[in-house]
Amino acid sequence: MAPGTGRGAGAAPRSVDVARLAGVSQKTVSRVMNDEPYVSADVRRRVLAAAEELGYRSNNAARALASGRTRSIGVVTLGTALYGPASLLMGVERAVRDTGYALRVVSTMEGESTGIAGAVDSLLDQGVDGIVISEPIDEEDGADLSARVDVPVLVLGAPPPFVAPHVVTAGIVSSRLARAATEHLLELGHTTVHHLAGPQRWYSARDRLEGWRAALAANGRAEPPVVQGDWSAASGYAAGRALADDPGVTAVFAANDDMAIGLIRALTEAGRRVPEDISVVGFDDTPVAAYVTPPLTTVRQPFDAMARTGLQLLVHAIENPQAPPLPVTEPPVELVVRASSAAPPH
């Protein structure tokens, strides 16, 4: 903050601070921020430089309302058609309708340099009252947004990627579901369970790997080498061709249903019957899981419940900034047992 503004440390800069630093009137600052004509290039440059120096953010018309809120919620989500992220986004969209808030979505792309930071900046520029982070991938260089985020943030299903003044979390931890899937196979009598993991840059893939390991350790079972896929059925198929050659494999927990389906196809082609020779359990309970051959045993992700609970927490934080957060309970684990899992061969 520039000397002489007379504002407390950590307070958000105002247009009057920008005007003072740039040596112009507050009306001129408003004209520049609204991209109005009749402002000289030199004045525009000074105002924008002052705004950048102070970290001032123009809040688009509705910030001037007496309520101080736009009644809009922004969502940062990975731009992907994968079942998990897409289903969670749909759940958020349905839940937002019941809150009376508008929804603004910014999608990131895997490997994009700006990532979450750029998406959050874009939403804050639109004056949203709260932000939902549904981004399931590690940032390449981290995402320290703590100095810039001044609205409540909801993180769904993954560790907070940054520190903000008010962060709430909601969702079921993937490791609990993965552990339930692995223990199901152990309870059927399998000596151990192999794991077809997702890409480890994803929080959820790491959580599922952790849950699998925890189940094996808790039951004193050997941990086989991990096979890693990329969430696609093709990667599951490739893993299945490799695992089919190992007669010691009797059970596989796949980190998502698509990989499990590809795995089953490869095992079947190699003459390994599912579940007579090898049991397979997936993760997600996608719509097709019940209709493949054999129907897939899997654990169900409660996307709608996660979104509803999360939005309740976020709206409460927006509308009651001084109140303690609402209590949170994780939804129960739902293991959907179908025909792809059975006792090991004798």
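Every value quoted in this text rests on a predicted model; they were computed, and no experiment measured them.

(A) Structural context of the overall build of the chain. Assigned secondary structure in the chain consists of 10 helices and 11 strands. Restricting the contact set of the chain to residue pairs at least 6 apart, pairs at least 24 apart contribute 71%. Surface accessibility of the chain: about 16000 Å² in total, with carbon and sulfur atoms responsible for 52%.

(B) Quick peek at unusual backbone geometry. Put simply, Val-274 and Pro-275 share a cis peptide bond, and its omega is 10°. Positionally, Pro-275 belongs in the loop between α9 (257–269) and β9 (279–284). The step from Thr-293 to Pro-294 runs through a cis peptide bond, and the omega angle for that step is -5°. By the secondary structure assignment, Pro-294 is in the loop between β9 and β10 (297–300).

(C) Quick look at the side chain of Ser-235. If you trace the backbone, Ser-235 turns up in helix α8 (residues 233–243). Ser-235 sits in the buried class, given a relative accessible area of 15%. Of the polar contacts made by the side chain of Ser-235, one reaches the side chain of Asp-230; its length is 2.9 Å. Beyond its immediate sequence surroundings of up to four residues, Ser-235 is in contact with Gly-229, Asp-230 and Met-259.

(D) Local environment of the pairing of β10. As judged from the four bridges shared by β9 and β10, these two strands associate in the parallel manner. When the sheet's bridge partners are listed, Gly-282 is paired in β10 with Thr-298. One ladder, built from three bridges, connects β10 with strand β11 (residues 334–336); its direction is antiparallel. Paired with Val-299 across the bridge in β11 is Leu-335.

(E) Quick peek at the sheet that holds strand β5 (residues 167–170). An order of β2-β1-β3-β4-β5 is seen for the five strands of this open sheet, with the pairing classed as parallel. The sheet terminates laterally at β2 (102–108) and β5, the two strands that pair on one side only. Between one strand and the next, the sheet's axes are offset by a mean angle of 20°, whatever the strand orientation. Taken together, the four bridges between strand β4 (residues 153–156) and β5 define a ladder with parallel strand orientation. For Val-155, the partnering residue across the bridge sits in β5 and is Thr-169. Sheet strands in contact with helix α5 (residues 115–125) are β1 (72–78), β2 and β3 (130–134), and its direction is about 155° off that of β2.

(F) Seen up close, helix α10 (residues 303–319). Given a rise of 1.5 Å per residue, 17 residues ought to cover 24 Å, and the 24 Å separating the end C-alpha atoms of α10 matches this to within 8%. Here α10 has its buried residues at Phe-303, Met-306, Ala-307, Gly-310, Leu-311, Leu-313, Leu-314, Val-315, His-316, Ala-317 and Ile-318. Looking at the packing, one finds that the buried side of α10 touches β1, α4 (83–97), β3, β4, β5 and β9.

(G) Representation of the pattern of salt bridges. Throughout the structure, instances matching the rule amount to 14 salt bridges. Arg-14 is the salt-bridge partner of Asp-17, the closest N and O atoms lying 4.0 Å from each other. On the accessibility criterion, Asp-17 (1% relative accessible area) is buried. Salt-bridge contacts for Asp-42 lead to Arg-45; the nearest nitrogen and oxygen are separated by 2.7 Å. Of this pair, Asp-42 and Arg-45 both sit in helix α3 (residues 41–54), three residues apart, which is roughly one turn of that helix. Overall, Asp-42 belongs to the partly exposed group, its relative accessible area being 39%.

(H) Main features of the environment of Thr-28. Looking at the secondary structure, you find Thr-28 in helix α2 (residues 26–33). The class of Thr-28 is buried, set by a relative accessible area of 15%. Placed 10 residues apart in sequence, Thr-28 and Tyr-38 show a C-alpha to C-alpha distance of 9.8 Å. Polar contacts involving the side chain of Thr-28 include one to the side chain of Ser-25, which spans 2.9 Å.

(I) Local environment of α3. With 14 residues, α3 extends 20 Å from end C-alpha to end C-alpha; this agrees with the ideal 20 Å at 1.5 Å per step. Taken as a whole, α3 has its buried residues at Val-43, Val-47, Ala-50, Ala-51 and Leu-54. Down the axis of α3, the buried side of the element spans an arc of 100°, and every buried residue falls inside it. Structural note: α3 exposes Ala-41, Arg-45, Glu-52 and Glu-53 on the side pointing more than 90 degrees away from its buried face.

(J) Just the confidence of the model for the chain, in detail. Mean pLDDT over the chain: 86, with 85% of residues reaching 70 or higher. In the predicted structure, residues 1–9 sits below a pLDDT of 50 and forms 11 contacts with residues beyond four places in sequence or in another chain. Below a pLDDT of 50 lies the segment residues 60–67, which in the model reaches 10 contacts outside its immediate sequence neighbourhood of four places, other chains included.

Thresholds applied
- Residues numbered from 1 in each chain as written.
- Predicted model: local features only at pLDDT ≥ 70, side-chain atom pairs only at ≥ 80, totals over all residues.
- Heavy atoms only, no water.
- Helix = DSSP H or I, 4+ residues; strand = E, 2+ residues; numbered from the N terminus.
- Contact = heavy atoms within 4.5 Å.
- Areas by Shrake-Rupley, 256 points an atom, 1.4 Å probe, with all protein chains shown as cover.
- Buried < 20%, exposed > 50% of the residue type's maximum accessible area, 1.4 Å probe, protein only.
- Polar contact = N/O pair within 3.5 Å; in protein donor to acceptor, adjacent residues only side chain to side chain.
- Pairing = 2+ DSSP bridges.
- Axes fitted to C-alpha atoms, helices over the stretch in contact; angles between N-to-C directions.
- Expected span 1.5 Å × (residues − 1).
- Salt bridge = Lys/Arg side-chain N within 4 Å of Asp/Glu carboxyl O.
- Arc of directions from axis to C-beta.
- pLDDT = per-residue confidence, 0-100.

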